[in-house]
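# Report on the structure
Below, each chain spelled out in residue letters.
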Amino acid sequence: MGSAFSNINTANGVIENASELGSVPDAVVAEARFFRAFDYFMLVQTFGGVPLDLGAGELKFNNNPSRSSVRNTVPEVYTRSIFPDLEKAVADLPVNPRVTGGVTKTLARLYLAKAYLTYGWWLENPDNIPTYPDAPRTDPNGKNTQWYFQQAYDVATAAIENPGPFGLMDTYYDVNVATNDRNKELLLYADHTETSEFYNASSLTWSNGGAPENFAGWMMTWNYTNLRSGTTPNWSSTTNNISSVQREADQALGRPWTRMAPTIGAITNTFADKINDSRYDGTFTTVYRGNWPKGGVNEAVLYNANGLPVSPGDAILTFLDEQPSTAITYPSGAGKSNIGAGELPGRSDFVIGPNDISRVVYPGLWKLGPYRTDNGTGLGQPNAASTRPFNIAKFSELYFIAAEAAVKGATGSMSARELINVIRARAGKWRWDNNGNQAKVEDNSAALVAATPATIDIDYILAERSREYYGEGYRWYDLTRTQRWEDLASTYRIAGNNYGDHTAQTVNRNIQPYHYLRPIPQVQLDAMDLTPAEKAAYQNPGY
């Protein structure tokens with residue numbers, strides 16, 4: 001929150017003083033308007049109404065410290081700031097970016113369409129979710145929910161029809177493979193580099209996991225380095241067991257933090273089709289391959305599941321796509337693999353079924369994994385934050401926004417099903433089997449399109465969004481916007497925290513209406529010169 005308001009104030013200064021300076025191009029002012037709207041849009045979705053006056057007047061540049069604050073309502077933030085700024089940005093921004101990675105007309109249209117869509121939901125408020133500060137669910141400009149849904153559709157489809165230099169990549173793999181970063185599907189990203197610590201904004205060898213470092217990929221990376229293989233077929237001595245998958249600055253691996261895990265439902269339901277749909281393969285690391293020589297271990301062959309030999313590059317552990325008909329033989333506890341993985345007859349790789357993942361052993365998040373070109377023949381710098389760009393906005397989301405608006409009653413040249421099928425058709429195209437580590441040229445678009453329901457509803461769009469953007473930070477905003485959070489995420493299944501635990505438990509989450517807004521951070525409250533009663537009134541209810 002603190003960084004957002006600092007950025008907003010900087011944008012206020014650019015917008016307010018540009019005309020006096022006379023040398024600031026309209027496109028640069030439009031960039032400032034975009035980022036001011038971007039920050040306010042993120043704030044209002046997260047916290048509800050937030051202040052438009054930072055101490056010098058509404059949307060005015062403030063150059064004196066201010067320790068007071070008054071929150072505006074949600075409708076005021078949208079209609080006085082977000083919509084006018086984005087509408088002006090769409091009008092004034094260029095089709096092609098002023099600088100590499102700079103903001104454009106297409107990007108502004110994406111966020112304008114998304115803001116219209118989100119505000120339309122807020123006005124409708126189907127589940128009676130409270131807002132704060134309290135405000136009637138009416139639009140100050142006299143527009144109704146359908147007007148905003150139609151605007152969302154119209155702006156999104158205008159961007160699709162007039163994409164400028166942007167567009168969909170041919171395959172989902174091409175969107176996310178690190179060698180193809182900064183591709184034409186990416187409308188906005190926070191850039192990083194391995195060539196300069198100054199411009200990377202963090203060390204190239206070590207990270208403590210703080211902003212502005214890019215460490216998002218660590219969060220769902222489990223400690224695969226605990227995997228062990230034997231130096232003899234019968235594993236005669238545990239002292240001769242080897243860490244066969246060592247920590248490496250590779251997209252499939254990276255630094256393990258084990259902070260988050262996919263649920264069993266995400267693996268088995270969200271990504272149910274792992275044959276035709278390439279997005280499961282393009283999202284998760286499901287095969288962990290031996291890399292011990294890169295760590296200086298001089299063993300040409302190790303012995304793995306069933307005492308069978310494995311060579312560098314072979315699969316040491318596989319998370320199976322489906323639960324096999326033959327029961328997996330799991331150990332009691334950590335077992336030979338040291339992480340509780342099981343065995344199937346004739347296989348040299350340890351295995352774990354999709355119903356058997358736990359909070360400590362699960363498929364990793366391949367799409368956000370690190371990538372370095374300076375690893376040489378070794379493990380590189382896996383303890384550094386990622387030097388890849390952190391992707392923020394993608395061209396593909398325009399199709400989802402337009403489809404969601406269509407479900408909410410907007411009309412136009414393409415139906416919700418037709419829009420979603422553009423994305424699904426692309427998901428059916430393969431050029432590489434990521435976890436098979438081999439070329440796979442297949443086009444399963446027809447099968448995926450045919451499997452799309454005749455009538456699209458909000459839950460189907462949310463499931464498609466999850467398949468497309470899993471792990472990228474969209475989900476909470478999607479569920480709170482559509483008010484489907486409690487219905488879709490109040491229970492989940494996963495096994496526990498111990499190696500060898502494969503017994504899934506059902507976990508219930510007590511999602512309350514007030515959780516749809518997050519609490520104002522304590523550091524923000526502490527920085528304000530308000531009485532305890534005023535601070536309590538400033539905080540969102542329930543916290």
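Anyway, here's the lowdown on the structure attached to this text. On a predicted model such as this, the values are computed, not experimentally measured, just so you know.

This next bit is on the overall build of the protein chain. The number of helices and strands found in the protein chain is 16 helices and 15 strands. A globule of 543 residues ought to have a C-alpha radius of gyration of about 24 Å, and the protein chain, at 25 Å, matches this closely. The C-alpha extent of the protein chain, read off along each of the three principal axes, is 75 × 50 × 45 Å. Within the protein chain, the fraction of its 543 residues that count as buried is 55%. Total accessible area on the protein chain stands at roughly 22600 Å², and carbon and sulfur atoms take up 50% of it. If the 46 positive side-chain charges of the protein chain are averaged to one point and the 56 negative ones to another, these points end up 1 Å apart.

Counted as a void, the second largest pocket has a volume near 560 Å³. Of all the elements, strand 5 (residues 287–289) adds the most residues to the lining of the second largest pocket, at three residues.

Let us look at the pattern of salt bridges. The final tally for this structure, using the stated rule, is 31 salt bridges. In this structure, arginine 465 engages aspartate 478 in a salt bridge whose closest nitrogen and oxygen atoms are separated by 2.8 Å. Here arginine 465 is found in helix 12 (residues 458–469), whereas its partner aspartate 478 is found in helix 13 (residues 475–481), with 13 residues between them in sequence. According to the relative accessible area criterion, arginine 465 is buried, its value standing at 2%.

Of note, phenylalanine 35 is situated in helix 2 (residues 26–47). For phenylalanine 35, a relative accessible area of 36% corresponds to the partly exposed category. When sequence neighbours within four positions are dropped, the list of residues in contact with phenylalanine 35 reads Val103 and Leu188.

This brings us to the pairing of strand 1 (residues 186–190). With four of five residues buried, strand 1 is to be regarded as a mostly interior element. In terms of strand pairing, strand 1 meets strand 11 (residues 390–394) through four bridges, oriented antiparallel. Within the sheet, the bridge partner assigned to leucine 188 lies in strand 11 and is alanine 393.

Here we take up the packing of helix 4 (residues 105–124) against helix 9 (residues 397–407). In the contact formed by helix 4 and helix 9, the axes pass within 10 Å of each other and the chain directions differ by 30 degrees. The orientation of helix 4 with respect to helix 9, classified from their angle, is roughly parallel. Crossing of helix 4 against helix 9: the hand is left-handed. Each of Thr106, Leu110, Ala113, Lys114, Leu117 and Trp121 in helix 4 lies in contact with helix 9, whose residues at this interface are Glu397, Leu398, Ile401, Glu404 and Ala405. Its residues assigned to classes, the contact of helix 4 with helix 9 shows seven nonpolar, one polar and three charged.

Buried together is how nonpolar side chains tend to be arranged in soluble globular proteins. Core analysis: the largest hydrophobic core is formed by 86 residues, its most contacted members being Phe34, Tyr40, Tyr78, Ile82, Phe83, Leu107 and Tyr111. In terms of residues, this core owes the most to one element, helix 4, which gives 13 residues. With sequence-adjacent residues up to four places away left out, phenylalanine 83 is seen in contact with Tyr78, Leu112, Ala115, Tyr116, Tyr119 and Tyr148. Ile264, Tyr288, Tyr362 and Leu368 belong to the second largest nonpolar core, which has 35 residues in total.

Our focus in this paragraph is helix 5 (residues 145–161). Its 17 residues place the ends of helix 5 24 Å apart at the C-alpha level, agreeing with the 24 Å of an ideal helix rising 1.5 Å per residue. Across the 17 residues of helix 5, twelve count as buried, placing the element largely inside the fold. Taken residue by residue, helix 5 has Thr145, Tyr148, Phe149, Gln150, Ala152, Tyr153, Val155, Ala156, Thr157, Ala158, Ala159 and Ile160 as its buried positions. Buried residues in helix 5 make contact with helix 3 (74–92), helix 4, helix 9 and helix 10 (416–427).

Further remarks concern the packing of aromatic side chains. Under the definition given, this model contains 39 aromatic pairs. Pairing phenylalanine 198 with tyrosine 199 gives two aromatic rings, centres 5.0 Å apart and planes at 90 degrees, and the pair type is edge-to-face. The interplanar angle of 55 degrees and the centroid separation of 4.8 Å between the aromatic rings of tryptophan 218 and tryptophan 257 together place this pair among those described as tilted. One end of the pair, tryptophan 218, is in the loop between helix 7 (197–200) and strand 2 (228–229); the other, tryptophan 257, is in the loop between strand 3 (242–243) and helix 8 (264–270), with 39 residues separating them in the sequence.

Now for helix 4. Between its terminal C-alpha atoms helix 4 stretches 28 Å, which fits the 28 Å expected from 20 residues at 1.5 Å a residue. In terms of burial, helix 4 is a largely internal element, 19 of the 20 residues being buried. Asparagine 125 occupies a position one or two residues after helix 4 and carries a positive phi of about 50 degrees.

Analysis parameters
- Residues numbered from 1 in each chain as written.
- Predicted model: local features only at pLDDT ≥ 70, side-chain atom pairs only at ≥ 80, totals over all residues.
- Heavy atoms only, no water.
- Helix = DSSP H or I, 4+ residues; strand = E, 2+ residues; numbered from the N terminus.
- Rg over C-alpha atoms; globule rule 2.2 N^0.38 Å.
- Buried < 20%, exposed > 50% of the residue type's maximum accessible area, 1.4 Å probe, protein only.
- Areas by Shrake-Rupley, 256 points an atom, 1.4 Å probe, with all protein chains shown as cover.
- Lys, Arg positive; Asp, Glu negative; His and termini not counted.
- Charge placed at Lys NZ, Arg CZ, Asp CG, Glu CD.
- 1 Å grid on protein atoms, 1.4 Å probe; cavity = no way out; pocket = protein on both sides within 12 Å on 5 of 7 lines; lining within 4 Å.
- Points joined across faces, edges and corners; volume = space filled by probe spheres on them.
- Salt bridge = Lys/Arg side-chain N within 4 Å of Asp/Glu carboxyl O.
- Contact = heavy atoms within 4.5 Å.
- Pairing = 2+ DSSP bridges.
- Axes fitted to C-alpha atoms, helices over the stretch in contact; angles between N-to-C directions.
- Parallel < 35°, antiparallel > 145°, perpendicular 65-115°, else oblique.
- Left-handed = near helix turned anticlockwise from the far one by under 90°.
- Nonpolar A, V, L, I, M, F, W, Y, C, P; charged D, E, K, R; others polar.
- Core = buried A, V, L, I, M, F, W, Y, C linked by side-chain atoms within 4.5 Å.
- Expected span 1.5 Å × (residues − 1).
- Phe/Tyr/Trp six-rings, centres within 6.5 Å; stacked < 30°, edge-to-face > 60°.

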